[in-house]
Structure formats: structure tokens, C-alpha cells
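# Structural characterization, general
Residues per chain are reported as follows:
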Amino acid sequence: MGQLAKLLEERGEEVLHEWSERVRQHLAPGEVSRSELEDPLPSILRQLKVAPCGGDSARRSTPGVGMGAVGREHGAQRFRLGFTPGELVREYGLLSELLLELLADKGLQHSLEEVRQLTSLVATVTAEAVEEHARQQACARREEGAARDPRRHRFPGEEERARLDAAFLQAPVAIGIIRGHQMVIDLANPQFCRFCGRLPEQVVGKPLLEALPELEGVGLDELIHEVMTTGVAFVAKEQAVRLARGTDGALETAYFNIVYDVLRDERGYIEGVITVATEVTEGVLARQQVEILLQRTRESEQARSAMMDALAAQTLVAVSYLRGPDHVFETANPVYRQMVGRDVVGMKALEALPELASQGFPSNLTRVFQTGVPYMVRAVPVRVARGRDGPLDERLFDLIYQPVRSPGGGIDGVLSLVFEVTEQVRLRQEAQRLAEEERGRRDFEQHLIGIVSHDLRNPLSAILLGVRQLLRRGDLDARTTKSLERLHSSTERAVRMVRDLLDFTQARLGGRLKIEREPVDVHEVVRAAVEELQATHPERQLRLETRGDGHGEWDGDRLAQLVGNLVGNALKYSPANSVVTVRSQGGPEDIRLEVHNLGEPISAEALPRLFQPLQRAVGSPDKTSRSVGLGLYIVEQIVRAHAGSIQVNSSACEGTLFAVRLPREG
């Protein structure tokens, strides 16, 4: 037996008494006796006591028995006592709060499944009770109208059916009805067909997976079967669906808020499932963009979580139908009533929502009713009161006013659909702000590097020139000559660092390095670069191999820089007694440059960041020859500027090989 069933078994009378007391204090209208107030409550508690411990027993119950029948009985009795639908819903809210409080007070360990089942059962009985209350209220209104003017109700249901048909066809949300175990699509409005990318004749009358084969294997058929079997509605928020919408049949992913609810016949038996879908792809993609920007800017986990939670708390569409030129609310779904904080059914728009009088919405309703032209506006600010006398709260909404025509062709009323987008708009604005901040910070850093390196180049060149002139003098002693040689080497290294920084800035700001192509012999360029490096590293052995035709149009200075960076890197990370091999091989369509050394292999973890700027994938063994970590980044930029490619292979047995391919035609 579950913890909830055990609690109801032991303390059922206490729960009944406390529930009725809370209903009497907060909800009971007028003078209602205790016996009338408690009349349907024991039946509800008995069903709750059986359902949590019965596993699938609730699902096996026949129509008219169980939570549905108890809820309908409760709704009819509460209507007779004068309860409003809102009071009826809050009565079940008091029951849920009471049961969870008792479980917590007793310190009972209840599973997530038990809480979920309790919530589902209370939702089921609430829906049945409210639906029955509405039926009773509608019957009472019809009887009252017939008493005043019997001619108005000569053909009950025909006019209402016509209005519902018109609303079904013109509604800007997708509505479909699926019947039977074969899950045949019995009805589908135009918006449903548009979402699926099909014509009506390709959808209506066909089994679900035959009409939409791309949905096979995603579990949608099992979900619909579950709703049919249990009678419990299911709401899917931001459900990803891949549909063949285009003319080429290619699948594309869209996101929807979807409600799956049961469709019952006149006897209460389940005969199918009705689905209502609203596309929310734009909001989901906006949230994904925000997640990327938050990751880049390393915002705190708490801020990202709060922002994502706010975006994820999207409401379903708020729907109302306003009939006639006076815009009388004929229907308003629970989401709409919750949004405005009051029951507006039966009231004129300006009487129900007086705070909207000065905000232009009544005139928009009138224009739609008179002209038949739909009205749509996105992210419009609206000041709405939470309740009739509450303070005004400004929020942002997408609004759609859709005219609904009568069978005779005239406009009968206006269908209103309201989507709150306050959080989505604020998140989009926040994403734009973060992107602008990141772009400004990156541009500033790169401009700063360019300015500093450019201003350093001239004084460093002057120092290098002066040192060279001093080294040409013949009257220097050995100690002075050695010091000047060290100064010359250090200044040359600083000049190379400045050159790399300038190249880095140019690549980042301009997209890629600028090159000047001219006829060159690559073999001669490589030979000159290797000879220069050999002169500066006389203690090392460099081997040069050239084959094929080396003539073509490339930037010779940039190729010399490429070879210098690769060979310098190979000398730095290989043993002093090992050979560094440089090869240039000309082919019919390209030329291939290779630099090989026998140093320690580059780890697999380091390879992905090998060509990233301002860092080293491998620590330098020579602490005196530190650089800014741009050598290989500049190499890759030179290769890209020549429309070429570069590959790296590194292992303990074979050593490390950098291979560059440069096409003869860029």
C-alpha cells in the first residue's frame, strides 16, 4: 500500500473534516449546511485511497466509474450549491495542499511516482467536475433563454455547431482529432495540414504513421495510445518534431507546445484524442542562442539557470471568443482567466477588462469585427491587472484577433489568441547585449595588440640596427662582443614576436592574412630559409630534399616565414643530436612542404589546440626562447591565405611531421 493510501486509511475522517473546514472558511457561498458541503467528499477520498495503491486499476476502470464519475457528481452538486468554476478548482487545490502537508508532517517517504499519480488523479477529477459544472450552467442558461423567448431555441445546437466549425477551420493553431486503435486522423484543420506540410487529402482519413511516416519511431503513437487508454491528458512543452515540410521532402526540426486530450462520445466513452499544437520554434532557438552566449561570457551558473528557467516557463495559448459588436466574452479558457485574474465569461470586453480601454484594444476588436481583416501584433506592451482591483502589471504579448464568420457569411465574433512573450523578448535583448559586449571586448583586445606591437617595431628596429653596427667594429674585446651578440639575439626574437603579433591582429581583424602572389621558385625560397636557420643554429643538422617543379605564383616572403616557423619549432622540440628534415616536392597541381623531427610526440589531447593563438599545446624545453605562442597560428593563416591545407602526424616511433599542401591556383 502506498504512503498516501495508508494515510487516508488511518486518518480519513480527519482529512475529511479539515478539508470541509477549509472549504467552508475560504470558498463556501452563502448559507451552506455541513451535510451539503461534505456530501460528495467521502467518495472522492475513497477513490484517492484506492488509486495510488492500485497500480493500473484506475486505467482499467470503465467509463462512468472512478474518478471521472465522482468528479462529475461533485461538479453537478457544487453547481446546485452556487459554487463558481474558480471556487470549484480552488477546492481541489485545498485538497492537494492538505494531503501534501499531512505527508510532510508525518515524515512519510513518498516517491516521485506517487506524487505524480496524486497530481494526475486530482487533475482528472478537477477537469471532470469543472466540465460538468459548465454543462449544468449551459443547460440552465438555455432553459432560461427558452423561457424568455421559446423561438430562439427552436433548433438547439445548430448555430453553436456552425460557430464551432468556423472557429475550427479559421483558428491559427493546429487542431487534429485522432480516433480508434488504428489512430486514424479523422479531422485536421488547415493549420494542422500547414504544420505537417501536407494537403488535407494526404492527411485526413489516413492512419497517423501512414500520413506522417517521419514520426515513426519517436514514440508519438505510444503517447497517443497512452492518453486513449488512461483518459489522462498530456501536455508537451517545446516538443521537437521533425517534419517533411518542404517540396523536396527534406526533414526539418520544429518545436511545438502540444496538448493531447481525450475525446468522449455522448455516453462518456473515450473514442479518440484531440491535439492542439502551437509552434514555438523561434523562442526555443532564441534560448539556445542565449545558452551559447552565456557559456562564452562565463556567466555564473545561478544567473544562467534563472534565465533558462524563466524562458522555459512559457504558458500555453490563452484563447477567448468575443461575440457580436459589443464583444461579449462567450468563452475564455483557463489560461486566459488565469492571465487576467478573473472570470470574464458573459461580460462585455470593456466591463470585464476596463484597464484596456485606454490601450487601443477595443478599437482593434471593433475594426476586426467590422472589416473581417485579422489583426496581429508582436511583443506589444499591455498593462493588465492581476484581478479586477489589482495593480496594473505591464507585460509583453503576441496578439491575434481572428474574425469568425457565421454560416451566412457575416462576421459572428472575434477569436482572440494571446501569447505572453515577456521573458522571450527580455532574453533576446539580453542576448543582443551580451553579443555586443563580447564583440566590443574582442575588438578592443585586438586593436590594443595591434597598436602596441606596431609602436614597438620602430624602437626595436633602431636597437637592432645599432647593435649590428657595433658588432662590425674590430676593437671590441671578447666579453663585449658576447654581450652584444646576446643583445642582438634577444632583439631579433622581440622583432619576431612583434611581427607575429601584427600578423595575428591582421588575421583577426581582416579575416585572413594578406598575401601578394608573384612568380617564385618554392625550392629556392625553402633553400634560402633553411640556410639562414643553419647559420643561426650551426650546432644542429638540417637536411634539405627537393623534387619536382617548384615554379608557381605564391607569396615568397610568407612562404619563407612559414618554413622558418615550422623549422624553428622542430629545432626547439627535438633532441640536439637529431636531424631535422625539410622537403619540398612539386606536383602537377600543387606543391607539398614537409618538416620532420624526432622529438617527443605531441599528445592526442594537445593536437586539437595546436594552431590556436596565444597558447602552446606543448611546453617549451628552452625557457630562454619564450614566444607569445603565435608561430603555428601564423603558419595556419599563411596556408589558409594560399587556399591550402596543413596536417600533423605525431608518434613515438615516427616522430612529428608537419605536411603543407599549396595549390598552384588559389
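Residues numbered from 1 in each chain as written. Predicted model: local features only at pLDDT ≥ 70, side-chain atom pairs only at ≥ 80, totals over all residues. Heavy atoms only, no water.

### Things to note about the sheet that holds strand β8 (residues 375–385)
Spatial strand order, β7-β6-β10-β9-β8: five strands in an open sheet with antiparallel pairing. Edge strands, defined here as strands with exactly one partner in the open sheet, are β7 (328–332) and β8. In this sheet, adjacent strand axes meet at a mean angle of 35 degrees when their direction is disregarded. Inspection of the sheet shows β8 paired to strand β9 (residues 392–405) by nine bridges, in the antiparallel sense. Residue Val384 lies in a different strand from β9, and its bridge partner there is Asp393. Of the strands in this sheet, β6 (318–323), β8, β9 and β10 (411–420) are in contact with helix α17 (residues 361–371), which crosses β10 at around 135 degrees. (Pairing = 2+ DSSP bridges. Helix = DSSP H or I, 4+ residues; strand = E, 2+ residues; numbered from the N terminus. Axes fitted to C-alpha atoms, helices over the stretch in contact; angles between N-to-C directions. Contact = heavy atoms within 4.5 Å.)

### Side note on a negative patch on the surface
Taken together, the side chains of Glu516, Glu518, Glu553 and Asp557 make up a negatively charged region of the molecular surface. Looking at the secondary structure, you find Asp557 in helix α21 (residues 556–572). (Patch = residues over 30% accessible without salt bridge, like charges linked within 9 Å, V, L, I, M, F, W, Y side chains within 5 Å. Areas by Shrake-Rupley, 256 points an atom, 1.4 Å probe, with all protein chains shown as cover. Salt bridge = Lys/Arg side-chain N within 4 Å of Asp/Glu carboxyl O. Lys, Arg positive; Asp, Glu negative; His and termini not counted. Charge placed at Lys NZ, Arg CZ, Asp CG, Glu CD.)

### A word on the side chain of Gln561
By secondary structure assignment, the location of Gln561 is in helix α21. What makes Gln561 buried here is its relative accessible area of 9%. For Gln561, the side chain forms a polar contact with the side chain of Arg558, separated by 2.8 Å. Gln561 has contacts with Arg499, Asp500, Asp503, Ile634 and Ile638, leaving out every residue within four places of it along the chain. (Buried < 20%, exposed > 50% of the residue type's maximum accessible area, 1.4 Å probe, protein only. Polar contact = N/O pair within 3.5 Å; in protein donor to acceptor, adjacent residues only side chain to side chain.)

### A word on the packing of α21 against helix α22 (residues 631–641)
One can describe the packing of α21 onto α22 by two numbers: an axis separation of 9 Å at closest approach and a directional angle of 145 degrees. As for how α21 packs across α22, the hand of that crossing is left-handed. Counted together, Arg558, Gln561, Leu562, Asn565, Leu566 and Asn569 of α21 and Gly631, Leu632, Ile634, Val635, Ile638 and Val639 of α22 form the full contact between these two elements. Of the residues belonging to the contact of α21 with α22, the class tally is seven nonpolar, four polar and one charged. (Left-handed = near helix turned anticlockwise from the far one by under 90°. Nonpolar A, V, L, I, M, F, W, Y, C, P; charged D, E, K, R; others polar.)

### Some remarks on helix α5 (residues 67–81)
With 15 residues, α5 ought to run about 21 Å at 1.5 Å a step, and its terminal C-alpha atoms sit 21 Å apart, in line with that. Of the residues making up α5, those classed as buried are Met67, Gly68, Val70, Gly71, His74, Gly75, Ala76, Gln77, Arg78 and Leu81. One or two residues past the end of α5 sits Gly82, with phi positive at roughly 95 degrees. (Expected span 1.5 Å × (residues − 1).)

### Overview of the environment of Thr275
Mapped onto the elements of the fold, Thr275 is located in strand β5 (residues 270–279). C-alpha separation for the pair Thr275 and Phe192, spaced 83 residues apart in sequence, amounts to 9.5 Å. The contact partners of Thr275, leaving out residues within four places of it in the chain, are Ala174, Ile175, Gly176, Ile178, Phe192, Val259 and Tyr260.

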